[in-house]
Amino acid sequence: MANNGIGVVGVANQARVMNLKVGSSVGDVNACAEAIMYAADNGADVINCSWGCLGKPSVLVQAVESAYCFHGCVIVAAAGNSDHNANRYCPANLKETITVSATNYSDQRATKSYRSNWGTIVDVGAPGGDDWDILSLRNWYVANPQGRFVGELYYAEDGTSAAAPHVAAAAALVLSYRPSFNPEQVRQAIRKSAVDLGQPGFDDFFGHGRLDACAALLDGNPCMALLIQPDDGEKFIRGENETITVRGIADGAGFSYWQTDYDVKTSNWFCRELDCGYDRKYWYYGGEMGTIYVSDLEQDGEYWIRLMAGRTAKRSMTSCRLLSLRND
Ligand SMILES: [Ca+2]
């Protein structure tokens, strides 16, 4: 029961919860994949993954793709707490998942107990606490690290594992309000309504901003922008790769244009527009949206790519990816 002065309450407190155990202190990647499939097969609308592993194990990739494509599940993933690029961790690094970094009480990056992961793959930030200040139900197998038990039943936690469920719950609210939304529309509604923090516009740490669950319910027709190629963090080698093909999705009600551009990662602006020769007034669904010629990239290192899709420049959605170019 909410608002009775006892314990904690979730963001979507009327959502039904399916708990699936995939390990104790350490999970097994096959069990994680099986749990995702079990949840999808048994009607879960939203799947929260407050865990991750290195790389992109094929069993996880397949489970997430299947849950997303065939079951229409919204899948939320914690970015991780290692102060690394989140594109190293699965399922945060999969294009199907909504990837969540952690913010603190002051809408800043949490730094006291964990340092959230970051990167172009981050969709939004959400409250993840700082200095063990998110109250959660206690796991009975856990000892009492740093005295973090609160009373009999609760446990003080923080990190992106605490941040991701806020977004999963907001996704449940969006779906309860707009049941016809597909997972991509839910993601775009959450992104578009997020409160911009840090560097203006999309940035490496807060993604599109900090979750605003109430505002996420307001737009019934968000435009969609999603880059699907190249993969975030994909590496290209000068001499071996001559071109880099960009593909993505641009769609939505009232959609009127899309644009792709790129620039060196260190710059704040995306100033090199990709001229693809296609008509940008029409929606795209996985089509080619431009080609980057490696010979046009003067220096080796990291580059951003951005897709904007929308009704007007001020009301556009963006999707960003990172690529790296090497010389060997
Ligand atoms: Ca920002």
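Residues numbered from 1 in each chain as written. Predicted model: local features only at pLDDT ≥ 70, side-chain atom pairs only at ≥ 80, totals over all residues.

## Some words on the sheet that holds strand E10 (residues 224-229)
- Taken together, three strands build an open sheet; the order of strands is E10-E12-E15 and the sheet is antiparallel. Of all the strands in the sheet, the pair left with one neighbour each is E10 and strand E15 (284-293). Each strand axis lies, on average, 30 degrees off the axis of its neighbour in the sheet, ignoring direction.
- Alignment of strand E12 (residues 243-251) against E15, held across eight bridges, turns out to be antiparallel. Across the sheet, residue Gly248 finds its bridge partner in E15, namely Gly287. (Pairing = 2+ DSSP bridges. Helix = DSSP H or I, 4+ residues; strand = E, 2+ residues; numbered from the N terminus. Axes fitted to C-alpha atoms, helices over the stretch in contact; angles between N-to-C directions.)

## Examining the domain arrangement of the protein
- For the protein, the assigned domains are domain 1 (29-217) and domain 2 (224-326).
- Distance between the C-alpha centres of domain 1 and domain 2: 25 Å.
- Counting from both sides, the interface comprises 14 residues of domain 1 and, opposite them, twelve residues of domain 2.
- Classifying every residue of the side of domain 1 that touches domain 2 gives two nonpolar, eight polar and four charged. (Domains from an automatic or database assignment. Contact = placed C-beta atoms within 7 Å. Nonpolar A, V, L, I, M, F, W, Y, C, P; charged D, E, K, R; others polar.)

## Considerations on the sheet that holds strand E5 (residues 98-103)
- An order of E1-E3-E5-E6 is seen for the four strands of this open sheet, with the pairing classed as parallel. One side of each edge strand has no neighbouring strand; the edge strands of this open sheet are strand E1 (46-49) and strand E6 (124-127). On average, each strand axis in the sheet is tilted by 35 degrees relative to the strand beside it, whichever way the strands run.
- Judged from the four bridges that link them, E5 and E6 form a sheet pairing that is parallel. Looking across to E6, one finds that Val100 is bridged to Val124.

## Quick notes on helix H2 (residues 58-69)
- Compared with the 16 Å implied by 1.5 Å per residue over twelve residues, the 16 Å span of H2 between its first and last C-alpha is a close match.
- Within H2, the full set of buried residues consists of Leu60, Ala63, Val64, Ala67 and Tyr68. Projection of H2 onto a plane perpendicular to its axis shows the buried side chains occupying an angular sector of 125 degrees, all on one side. Among the exposed residues of H2, those pointing more than 90 degrees away from its buried face are Ser58 and Cys69.
- Of the surrounding secondary structure, the elements contacted by the buried residues of H2 are helix H1 (29-41), E1, strand E3 (74-78), strand E4 (89-90) and helix H4 (183-193). (Expected span 1.5 Å × (residues − 1). Buried ≥ 20, exposed ≤ 12 C-beta atoms within 10 Å, placed from the backbone. Arc of directions from axis to C-beta.)

## Re unusual backbone geometry
- In this structure, Pro91 follows Cys90 across a cis peptide bond, with omega equal to 10 degrees.
- Within the secondary structure layout, Pro91 lies in the loop between E4 and E5.
- Pro230 follows Gln229 through a cis peptide bond whose omega is 0 degrees.
- Mapped onto the fold, Pro230 is located in the loop between E10 and strand E11 (234-237).
- The phi dihedral of Asp83 is positive, around 55 degrees, even though this residue is not glycine.
- Locating Asp83 in the fold gives a position in the loop between E3 and E4.
- Note on Asp83: 12 C-beta atoms within 10 Å, which makes it exposed.
- You will see that Asp107, though not glycine, has its phi angle at about 60 degrees, which is positive.
- Locating Asp107 in the fold gives a position in the loop between E5 and E6.

## Regarding the packing of H1 against H2
- Contact geometry for H1 and H2: axes closest at 9 Å, N-to-C directions at 10 degrees. Judged by the inter-axis angle, H1 sits roughly parallel to H2. Side by side, H1 and H2 meet where Val29, Asn30, Cys32, Ala33, Ile36, Met37 and Ala40 of the first sit next to Val59, Leu60, Ala63, Val64, Ser66 and Ala67 of the second.
- When its residues are assigned to classes, the contact of H1 with H2 shows eleven nonpolar, two polar and no charged. (Parallel < 35°, antiparallel > 145°, perpendicular 65-115°, else oblique.)

## A word on the pairing of strand E17 (residues 316-326)
- Across four bridges, E11 lies against E17 in parallel orientation. Within E17, the position partnered with Ile237 by the bridge is Arg326.
- Sheet analysis places strand E16 (residues 301-310) next to E17, joined by ten bridges and oriented antiparallel. Looking across to E17, one finds that Glu302 is bridged to Ser324.

## Quick word on the nonpolar core
- Val76, Val100, Val167, Ala171 and Ile190 are the most contacted members of the largest nonpolar core, which totals 59 residues.
- Ranked by residue count, the leading element in this core is helix H3 (residues 160-177), at twelve residues.
- Aside from chain neighbours lying at most four places away, what touches Ile190 is Ile98, Val124, Val167, Ala170, Ala171, Val174, Leu211 and Ala216.
- Grouped together as the second largest cluster of nonpolar side chains are 26 residues, Cys223, Leu226, Leu227 and Val246 included. (Core = buried A, V, L, I, M, F, W, Y, C linked by C-beta atoms within 7 Å.)

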